[in-house]
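Working through the structure, step by step
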Amino acid sequence: KKKKKMRKLTDSQKKKYKRIYNRNENRNYHTENAIMLINLFGSSAEKRRAKKIKKEIDKQEYITPKQSDWFYNHGHIHYKRLL
């Protein structure tokens with residue numbers, strides 16, 4: 001199986017995304033942060049799934065525990081890559 005190439009951010013990019021992340025956390029925009037991290041570091045499949053789930057959340061106007069868990073497990077695991 002081919003190993004996926006890891007995306008590398010410059011120090012200024014990391015600083016920018018950490019600033020966005022922290023601002024979102026202060027506003028309780030956890031889903032937005034997970035989506036940002038998935039878009040930065042996730043696989044194509046994760047990006048497609050995140051987009052689909054976000055669409056569902058927008059339609060239902062709330063997030064289910066299952067959706068929240070998915071974002072936590074697939075998005076926030078990438079946070080350490082901003083450090």
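Residues numbered from 1 in each chain as written. Predicted model: local features only at pLDDT ≥ 70, side-chain atom pairs only at ≥ 80, totals over all residues. Heavy atoms only, no water.

Quick look at unusual backbone geometry
Here the phi dihedral of Asn 28 falls at roughly 65°; this positive angle occurs in a residue that is not glycine. With respect to the helices, strands and loops of the structure, Asn 28 is situated in the loop between α1 (11–26) and α2 (30–41). Under the relative-accessibility criterion, Asn 28 is labelled exposed at 57%. With a phi close to 70°, Glu 61 is a non-glycine residue in the positive phi region. Secondary-structure assignment places Glu 61 in the loop between α3 (44–60) and α4 (65–74). (Helix = DSSP H or I, 4+ residues; strand = E, 2+ residues; numbered from the N terminus. Buried < 20%, exposed > 50% of the residue type's maximum accessible area, 1.4 Å probe, protein only.)

As for the side chain of His 76
Looking at the secondary structure, you find His 76 in the segment after α4. Classification of His 76 by relative accessible area gives buried; the value is 17%. Polar contacts involving the side chain of His 76 include one to the main-chain carbonyl oxygen of His 30, which spans 3.3 Å. Those residues in contact with His 76 that sit more than four places away from it in its chain are Tyr 21, Glu 25, His 30, Asn 33, Ala 34, Leu 37 and Phe 71. (Polar contact = N/O pair within 3.5 Å; in protein donor to acceptor, adjacent residues only side chain to side chain. Contact = heavy atoms within 4.5 Å.)

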